[in-house]
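Below, each chain spelled out in residue letters.
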Amino acid sequence: MTALFRTTLLLLLLFLLRSFSLPQRFSVTIILPAGTNLKNLSIRYDNGTRTVEVPAVFKNNKLLLSDTFVSRYATISIYYSERNEEQGWGGSYWVNSKPAVISFARSWDHPELVNARSLEAENNRFKAFVAGEIKEKDDYWEAHNTAILELNTPERQVFFKKLKAIEDKKLLFVKQNKASYYSFWLFRDQIVYIGKTVPYGYKGNTAADLRDLFNAIYPDSLKRSAEGREILTLLAAKEIRPGAMAAGFTTTDVQGRKISLSDYKGKYVLLNFWASWCAPCVAELPAIGKIYNSYRPDQLQVIGISSDKDSVAFANAVEKYKMNWINIRDKESINHAYAVYALPYLFLIDPSGKIIYERQEEEPQHIENLPLLQQKLKTLLPKQQNTHPGNLNNPK
């Protein structure tokens, strides 16, 4: 092996290591004061590709949390509230592969940190930067909320302009601070990673706008990182809307049966993203049940995708609302593929695999009955009595 070949190989290896973040493992011990009400405690972490909610299972007021991460830091978020959330404490912290400690044993206001970095200063600077626009929006809402809730009013359009002003101010912050890793982290966490749920009729910055900004301001080293690839994945998912092809997936349903979206090509498919604890989700289940019972299985298939972690609450809801269609539970990757981070959400997919409807098209005052969806199906399919073979979740 010549010296030139060895040098070329080493440079290639270094390039690959810079381009693709190798997984590391973080380990952090969280310590709470004695007497902490764990029901009022929220803990989650972000490993660069997903956010994970952590059950508050402490022993002697301590919790050891460990997992892999592919970002520059794993972000640990801890929040605690008392007196019906009138007062709260906590924040977000960066940790790396060094064993870390976040201790609130002496004070919720001033935790003791070992190998952990608080984001309080950066977050406060960001909040101060956008505070003026947020106050304008809040003040206008307080003065005109009744008119804003009505469709097609001048006040609603003014309110939308104030929402857009907040979005633009956030983007200005990341542009002005593009040299800092915090800007890159904030771009994913606060701007890209917010899903597609917006007020009816509001048009904010598009995924294409955000992609152009991302490509323009960040260096190749960050764009090629695992976090950078995750940002591009999220932006692609936000473009899944009517006119786009549905994102394929293969998983198992609650009965352990293999389910692939591609299996249903040639028929219409209604994807229902929901959870038993989501009141708007539950409110529209009767309308979905009516739709399910109106068409033959060779015409329409309904697939419920639940975010429930509690299997008992999920099973009770399925039984109570007679959700006899295919049900999938706790499969975050599907929500991720469709950029669904707020519930409920619905997509109607045509026989070719193209999305032809999403729930956001419904007018708010009638949304529980899903009239637009029902009318669309009525024009597409002859209404016939459902002949689905009983309850697909409890096969006899």
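Residues numbered from 1 in each chain as written. Predicted model: local features only at pLDDT ≥ 70, side-chain atom pairs only at ≥ 80, totals over all residues. Heavy atoms only, no water.

Draft legend 1. Summary view of the overall build of the protein. In terms of regular secondary structure, the protein is built from twelve helices and 16 strands. Within the protein, the proportion of its 396 residues that are buried is 44%. Considering only contacts within the protein whose residues lie at least 6 apart along the sequence, 69% involve residues at least 24 apart. As displayed, the protein offers around 20,700 Å² of accessible surface, 53% of which is attributable to carbon and sulfur atoms. (Helix = DSSP H or I, 4+ residues; strand = E, 2+ residues; numbered from the N terminus. Buried < 20%, exposed > 50% of the residue type's maximum accessible area, 1.4 Å probe, protein only. Contact = heavy atoms within 4.5 Å. Areas by Shrake-Rupley, 256 points an atom, 1.4 Å probe, with all protein chains shown as cover.)

Draft legend 2. Structural context of the sheet that holds strand S15 (residues 345–349). Read across the sheet, five strands follow the order S14-S13-S12-S15-S16 without closing on themselves; strand pairing throughout is mixed. Either end of the sheet is taken by a strand with one partner, and the two such strands are strand S14 (326–329) and strand S16 (355–358). Averaged over all pairs of adjacent strands, the angle between strand axes in this sheet comes to 20°, irrespective of strand direction. As judged from the four bridges shared by strand S13 (residues 300–306) and S14, these two strands associate in the parallel manner. Looking across to S14, one finds that Ile303 is bridged to Ile326. The strands that helix H9 (residues 285–292) touches are strand S12 (268–274), S13 and S15; relative to S13, the one it contacts most, it runs at about 150°. (Pairing = 2+ DSSP bridges. Axes fitted to C-alpha atoms, helices over the stretch in contact; angles between N-to-C directions.)

Draft legend 3. Structural detail: the packing of H9 against helix H12 (residues 371–380). At a minimum axis distance of 11 Å, the contact between H9 and H12 shows a crossing angle of 5°. Judged by the angle between their axes, H9 and H12 are roughly parallel. Judged by residue contacts, Ala287, Lys290 and Ile291 of H9 engage Leu373, Gln374 and Leu377 from H12. Among the residues making up the contact of H9 with H12, the classes are represented as four nonpolar, one polar and one charged. (Parallel < 35°, antiparallel > 145°, perpendicular 65-115°, else oblique. Nonpolar A, V, L, I, M, F, W, Y, C, P; charged D, E, K, R; others polar.)

Draft legend 4. Structural context of the state of the cysteines. This model, assessed by the stated rule, comprises one disulfide. Here Cys278 is linked by a disulfide to Cys281, with a sulfur-sulfur distance of 2.3 Å. Disulfide Cys278-Cys281: torsion about the S-S bond near 80°, hence right-handed. Each member of the pair, Cys278 together with Cys281, is buried. (Disulfide = S-S within 2.5 Å.)

Draft legend 5. Expanded view of the pairing of strand S2 (residues 41–46). Relative to strand S5 (residues 74–82), S2 runs antiparallel, the two sharing six bridges. Considered in S5, the bridge of Leu41 is made with Tyr80. In terms of strand pairing, S2 meets strand S3 (residues 51–53) through three bridges, oriented antiparallel. When the sheet's bridge partners are listed, Tyr45 is paired in S3 with Val52. Connecting S2 to the antiparallel partner S3 that follows it, the hairpin turn spans four residues, and Gly48 within it adopts a positive phi of roughly 105°.

Draft legend 6. Region of interest: the sheet that holds strand S1 (residues 24–31). Pairing is mixed in the open sheet, where four strands are placed in the order S4-S1-S7-S8. Each edge of the open sheet is held by one strand with a lone partner, namely strand S4 (62–69) and strand S8 (112–114). Strand after strand, the sheet turns through a mean of 15° between neighbouring axes, direction not considered. Where S1 and strand S7 (residues 100–103) come together, four bridges link them in parallel fashion. If you follow Thr29 over to S7, its bridge partner there is Val101.

Draft legend 7. Region of interest: the pattern of salt bridges. Enumeration over the complete set of coordinates arrives at 16 salt bridges. Here Asp139 makes a salt bridge to Lys135, at a shortest N to O gap of 2.7 Å. With Asp139 and Lys135 both in helix H2 (residues 120–148), this residue pair falls four residues apart, about one helical turn. Residue class for Asp139 comes out partly exposed when judged on its relative accessible area of 41%. Accessibility expressed as a relative area gives 52% for Lys135, which makes it exposed. For the salt bridge of Asp330 with Lys309, the shortest nitrogen-to-oxygen distance reads 2.8 Å. Of this pair, Asp330 sits in the loop between S14 and helix H11 (332–337) while Lys309 sits in the loop between S13 and helix H10 (311–320); the two residues are 21 residues apart in sequence, bridging distant segments of the chain. (Salt bridge = Lys/Arg side-chain N within 4 Å of Asp/Glu carboxyl O.)

Draft legend 8. Molecular detail of H10. Listing the buried residues of H10 in full gives Phe314, Ala317 and Val318. Taken down its axis, H10 places every buried residue within 100° of arc, on the same side. More than 90 degrees from the buried face of H10, the exposed residues found are Val312, Glu319 and Lys320. On its buried face, H10 sits against S12, S13 and S14. Its side-chain oxygen placed 2.9 Å from the backbone nitrogen of Val312, Asp310 serves as the N-cap of H10. Just past H10, the residue Lys322 takes up positive phi, approximately 50°. (Arc of directions from axis to C-beta. Polar contact = N/O pair within 3.5 Å; in protein donor to acceptor, adjacent residues only side chain to side chain.)

Draft legend 9. Representation of the confidence of the model for the protein. Per-residue pLDDT for the protein averages 87, and the proportion of residues at 70 or more is 89%. In the predicted structure, residues 3–20 sits below a pLDDT of 50 and forms nine contacts with residues beyond four places in sequence or in another chain. (pLDDT = per-residue confidence, 0-100.)

Draft legend 10. Representation of the packing of helix H4 (residues 181–192) against helix H7 (residues 226–238) in the model. Across the interface, H4 lies against H7 with an axial gap of 11 Å and an inter-helix angle of 25°. Taken together, the axes of H4 and H7 are roughly parallel relative to one another. The interaxial crossing formed by H4 with H7 has left-handed handedness. Facing Tyr181, Phe184, Phe187, Arg188, Ile191 and Val192 of H4, the residues of H7 in contact are Glu227, Gly228, Glu230, Ile231, Leu234, Leu235 and Lys238. (Left-handed = near helix turned anticlockwise from the far one by under 90°.)

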